[in-house]
Amino acid sequence: MEANACTMHSHCLEMTMEVHQVVPPPHKSTLQKLKARLKETFFPDDPLRQFKGQPLKRKLILGAQYVFPILQWGPKYNLKLFKSDLVSGLTIASLAIPQGISYAKLASLPPIVGLYSSFVPPLVYAVLGSSKDLAVGPVSIASLVLGSMLRQEVSPTAEPVLFLQLAFTSTLFAGLFQASLGILRLGFIIDFLSKAILIGFMAGAAIIVSLQQLKSLLGITHFSNQMGLVPVMSSVFHNIHEWSWQTILMGICFLMLLLLARHVSIRKPKLFWVSAGAPLASVIISTLLVFAIKAQNHGISVIGKLQQGINPPSWNMLLLHGSHLGLVMKTGIITGILSLTEGIAVGRTFAALRNYKVDGNKEMMAIGFMNVVGSFTSCYVTTGAFSRSAVNNNAGAKTAVSNVVMSVTVMVTLLFLMPLFQYTPNVVLGAIIVTAVIGLIDVPAACNIWRIDKFDFLVMLVAFLGVLFISVQGGLALAVGLSTFKILLQITRPKTVMLGKIPGTDIYRNLHQYKEAVRIPGFLILSIEAPINFANITYLNERTLRWIEEEEDSIKEQPSLRFLILEMSAVSAIDTSGISLFKELKTTLENKGVELVLVNPLSEVIEKLKKADEANDFIRVDNLFLTVGEAVASLSSAMKGQSSTITEGLHTIVSCN
């Protein structure tokens, strides 16, 4: 009874359902289509909409504010905002000074360059940047990659001047590349560094960076220049005779102090100033200790005398020709992508927390021009660091003026306080780096990726192990290659699913996902869930024919297959090869006595299908429907009408006989 009721309900639904016609989109010229496509590709946020309907003077003001965001919030700036920015600026300066010195050593550059890079770039960003929380300066990953790539061809100890020239030139190319991405609105390029890649890469790089600090923490003089796990550990254990117990003792003490301060700030966020001030406090205490006991005479190495004064110009040191041009371009592009990805990710994270918007393209231009100016003023690659930005946010920063305060503090340090760093031990700088990069190892995020997507976890693992055992850039390239392969696989092997009807409704869903869904006799309903193009037509043709063969094998005792319905709501685009797929499929199906029916072809798809069907023998109007429900209802009615006609004809023949 229940089945009969369901059948009667379905029959009534089929008979009363209104069938809507599929219509092509309004006609557009090729130029209009090209304009719309370019707009969606390069201007998805439509940055020019704010200029519409505005007088010329207002347009000029809006244009200046777009290029220089400081003009937007600057006129509204007041003393109350400055008090907050002053506190946060001084707080991040206490972190930026020791980190700047440490990261420069990580990049195999003179320590003073790290301070130079914490002076000029923040000033440029304050004018051009759109983030209120981003604290600009050198970062560990970019420093590691820059140093490791340049050391492949040039020794920083044998040729220090050439190495410095290459570092500044790489920074120039990084800045030009970053700014070009923003100006040309090609920011989608950095999206190839997925979250899984970044988590694996950052974790691997953090371990490599930490292991590199064993040179300072153990007091080893002769240490490997290679970045892999095996050569680094080999260098550590082959030079046991160089280990210094005094250095190890000091390193353990200050490392424990820094880790304790970090732990306190994590457990109690209101005490953020503990971890923010701990590096500078460690530098001051260790410097006083070394000076008091003359520790440099007892096996503890120190930074030595640093040059006093603000950044000297370096445009005369840029090498724009010669045998190393390829190296600096490659280094600039890779470090540029990494630093850009980190800076934009950090900026967007804190913008979401504080409910304001960060323009990705403007950030690319700001970070790019910041590095271009930096390359002219003795700076190396800089961006927004997560640790400093987190401190900046927690300290209550309201605008980018906190970067200006930090920059001024660094300037005062460069002008008057440099002699105080002469006795700073390298072991403390190593401990500061280890503490900073530990936060890059995100185990909960890795576990979450494993739980959600196993292929993404594999990509993350490849990035992690590649960095550890091959090289920093090698691991990154492998992971990007694997992610690209995944995308190609999704393009060339699109998903197709069989749909069934949810009883009591006119809804059709995946039979595998919805167990209550039922098949409709005489119909094979498939959903194609990807654009159709030259890369996947062979697969789609073979897979569709296999669906048909499997369906025919399973309905031996039921009504034969009459219709193949392709639900095309997810087919956003089609090319000429895709058109040929439908033509071939239609011919094959006709030989089997099966009709091809298309449901909800989108505007681009139906437009191209209509153009390809000039003779009107390929896509008939009665084989196009807006919904699967309408298609099944209409075609079922037609089938029943044909059956009634045939039955009546047979009765007439019998009665005549």
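Residues numbered from 1 in each chain as written. Predicted model: local features only at pLDDT ≥ 70, side-chain atom pairs only at ≥ 80, totals over all residues. Heavy atoms only, no water.

K.L.:
A description of the overall build of the protein should follow, citing residues and the corresponding values.
P.N.:
Summing up its helical and strand segments, the protein has 26 helices and eight strands in all. Compactness check: the protein gives a C-alpha radius of gyration of 33 Å against a globular reference of 26 Å for 657 residues, more than 25% above the reference. Dimensions along the principal axes, computed over C-alpha positions, put the protein at roughly 125 × 65 × 55 Å. Out of the 657 residues belonging to the protein, those deemed buried represent 50%. Within the protein, contacts between residues separated by at least 24 positions form 80% of all contacts whose residues are at least 6 apart in sequence. Accessible surface for the protein amounts to roughly 31,900 Å². Of this, 65% is attributable to carbon and sulfur atoms. Between the averaged position of the 53 positive side-chain charges in the protein and that of its 41 negative side-chain charges there is a distance of 16 Å. (Helix = DSSP H or I, 4+ residues; strand = E, 2+ residues; numbered from the N terminus. Rg over C-alpha atoms; globule rule 2.2 N^0.38 Å. Buried < 20%, exposed > 50% of the residue type's maximum accessible area, 1.4 Å probe, protein only. Contact = heavy atoms within 4.5 Å. Areas by Shrake-Rupley, 256 points an atom, 1.4 Å probe, with all protein chains shown as cover. Lys, Arg positive; Asp, Glu negative; His and termini not counted. Charge placed at Lys NZ, Arg CZ, Asp CG, Glu CD.)

K.L.:
Could you give me a rundown of the pattern of salt bridges, with the residues and numbers involved?
P.N.:
Tallied over the entire structure, the rule returns seven salt bridges. Asp133 is paired through a salt bridge with Arg354; the nearest N and O atoms lie 2.6 Å apart. With Asp133 in the loop between helix H7 (120-128) and strand E1 (136-137) and Arg354 in the loop between helix H15 (325-353) and helix H16 (360-376), this pair connects stretches of sequence that are 221 residues apart. One salt bridge connects Glu550 with Arg546, and the closest N-O pair in it is separated by 3.2 Å. Pair noted here: Glu550 and Arg546 are both in helix H23 (residues 537-554), with a separation of four residues, about one helical turn. Each of Asp453, Asp456 and Lys486 takes part in a single network of salt bridges with overlapping partners. (Salt bridge = Lys/Arg side-chain N within 4 Å of Asp/Glu carboxyl O.)

K.L.:
Please give an account of the packing of aromatic side chains that cites residues and values.
P.N.:
Scanning the model with the defined rule gives six aromatic pairs in all. With a centroid separation of 6.4 Å and an interplanar angle of 50°, the aromatic rings of Phe237 and Trp243 are classed as tilted. The partly exposed category is assigned to Trp243, whose relative accessible area is 33%. Note on Phe291 and Tyr423: the rings are 5.2 Å apart at their centroids and 65° apart in plane angle, and the pair reads as edge-to-face. With Phe291 in helix H14 (residues 272-293) and Tyr423 in the loop between helix H18 (401-417) and helix H19 (426-438), the pair connects residues that are 132 residues apart, well separated along the chain. With a relative accessible area of 44%, Phe291 lands in the partly exposed category. In this structure, Lys454 packs its charged tip against the face of Trp450, placed 4.7 Å from the ring centre. In this structure, Arg543 is placed above the aromatic ring of Trp547, and the distance from its NZ or CZ to the ring centre is 4.1 Å. (Phe/Tyr/Trp six-rings, centres within 6.5 Å; stacked < 30°, edge-to-face > 60°. Lys NZ or Arg CZ within 6 Å of the ring centre and 35° of its normal.)

K.L.:
Could you give me a rundown of the pairing of strand E5 (residues 523-528), with the residues and numbers involved?
P.N.:
Taking burial as the measure, the six residues of E5 include six buried ones, the bulk of the element. Across the two faces of E5 the burial is the same, with Phe523, Ile525 and Ser527 and Leu524, Leu526 and Ile528 all buried. With three bridges joining them, strand E3 (residues 496-501) and E5 adopt antiparallel strand pairing. Its bridge partner lying in E5, Met498 is registered against Leu526. One ladder, built from five bridges, connects E5 with strand E6 (residues 563-567); its direction is parallel. Paired with Ser527 across the bridge in E6 is Glu567. (Pairing = 2+ DSSP bridges.)

K.L.:
Help me get a handle on a nonpolar patch on the surface, residues and values and all.
P.N.:
A contiguous nonpolar patch, built from Ile310, Val408, Val412, Leu415, Phe416, Leu417 and Leu420 and spanning about 600 Å² of accessible area, is present on the exposed surface. Mapped onto the fold, Phe416 is located in helix H18. Given a relative accessible area of 59%, Phe416 falls into the exposed group. (Patch = residues over 30% accessible without salt bridge, like charges linked within 9 Å, V, L, I, M, F, W, Y side chains within 5 Å.)

K.L.:
Give a description of H16 that names residues and reports values.
P.N.:
Over its 17 residues, H16 runs 25 Å from end to end, which matches the ideal 24 Å to within 8%, given 1.5 Å per residue. Summarising burial for H16: 14 of the 17 residues are buried, a large majority. Positive phi shows up at Ser378, right after H16, with a value of about 60°. (Expected span 1.5 Å × (residues − 1).)

K.L.:
Report on the sheet that holds strand E8 (residues 624-625), specifying residues and quantitative values.
P.N.:
Pairing is mixed across the open sheet formed by six strands, whose spatial order is E4-E3-E5-E6-E7-E8. The sheet terminates laterally at strand E4 (508-510) and E8, the two strands that pair on one side only. Its contacts with the sheet place H23 against E3, E5 and E6, and it is angled at close to 150° to E5. Packing of helix H24 (residues 576-591) onto the sheet brings it into contact with E6 and strand E7 (595-599), and relative to E7 it is tilted by some 140°. (Axes fitted to C-alpha atoms, helices over the stretch in contact; angles between N-to-C directions.)

K.L.:
Help me get a handle on the nonpolar core, residues and values and all.
P.N.:
Leu109, Leu115, Leu144, Phe201, Tyr380 and Leu414 are the most contacted members of the largest nonpolar core, which totals 106 residues. Beyond its immediate chain neighbours, meaning those up to four positions away, Leu414 contacts Ile112, Leu115, Tyr116, Phe119, Gln308, Gly309, Ile310 and Asn311. Core analysis: the next-biggest nonpolar cluster, separate from the first, contains 32 residues, Leu564, Met568, Ile619 and Leu624 among them. (Core = buried A, V, L, I, M, F, W, Y, C linked by side-chain atoms within 4.5 Å.)

K.L.:
If you had to explain unusual backbone geometry to someone new, which residues and values would you point to?
P.N.:
Residues other than glycine seldom take positive phi values, yet Asn355 does so here, at roughly 60°. Within the element layout of this structure, Asn355 appears in the loop between H15 and H16. You will see that Asn600, though not glycine, has its phi angle at about 50°, which is positive. Considering the arrangement of structural elements, one finds Asn600 in the loop between E7 and helix H25 (603-612). Residue classification places Asn600 among the partly exposed residues on the basis of a relative accessible area of 22%.

K.L.:
Residues and numbers for the confidence of the model for the protein, please.
P.N.:
The predicted model of the protein averages 86 in pLDDT, with 93% of residues at 70 or higher. Considering each helix and strand of the protein separately, the mean pLDDT is smallest for helix H1 (residues 2-16), with a value of 45, and largest for helix H9 (residues 160-183), with 95. For residues 1-15, every residue scores under 50 in pLDDT, and the model assigns this stretch 12 contacts once sequence neighbours within four places are set aside. (pLDDT = per-residue confidence, 0-100.)

K.L.:
An account of H23 is requested, with residue identities and associated values reported.
P.N.:
Structural remark: α-helix, 3.6 residues per turn; residues separated by three or four positions point the same way. Compared with an ideal rise of 1.5 Å per residue, which puts 18 residues at 26 Å, H23 spans 26 Å between its outermost C-alpha atoms and is within 8% of the ideal. Those residues of H23 that fall on the buried side of the exposure criterion are Ile537, Leu540, Asn541, Arg543, Thr544, Trp547, Ile548 and Glu551. For H23, the elements touching its buried residues are E3, E5, E6 and H24.

K.L.:
Hey, could you go over the pairing of E3 for me, with residue numbers and the actual values?
P.N.:
Of all six residues in E3, six are buried, a share of seventy percent or more. Side chains Thr496, Met498 and Gly500 of E3 all project onto a buried face; the interleaved residues Val497, Leu499 and Lys501 project onto the opposite face, where all are buried too. Taken together, the three bridges between E3 and E4 define a ladder with antiparallel strand orientation. Across the sheet, residue Lys501 finds its bridge partner in E4, namely Tyr508. Counted between consecutive antiparallel strands, the loop separating E3 from E4 contains six residues, among which Gly504 sits at a positive phi close to 80°.

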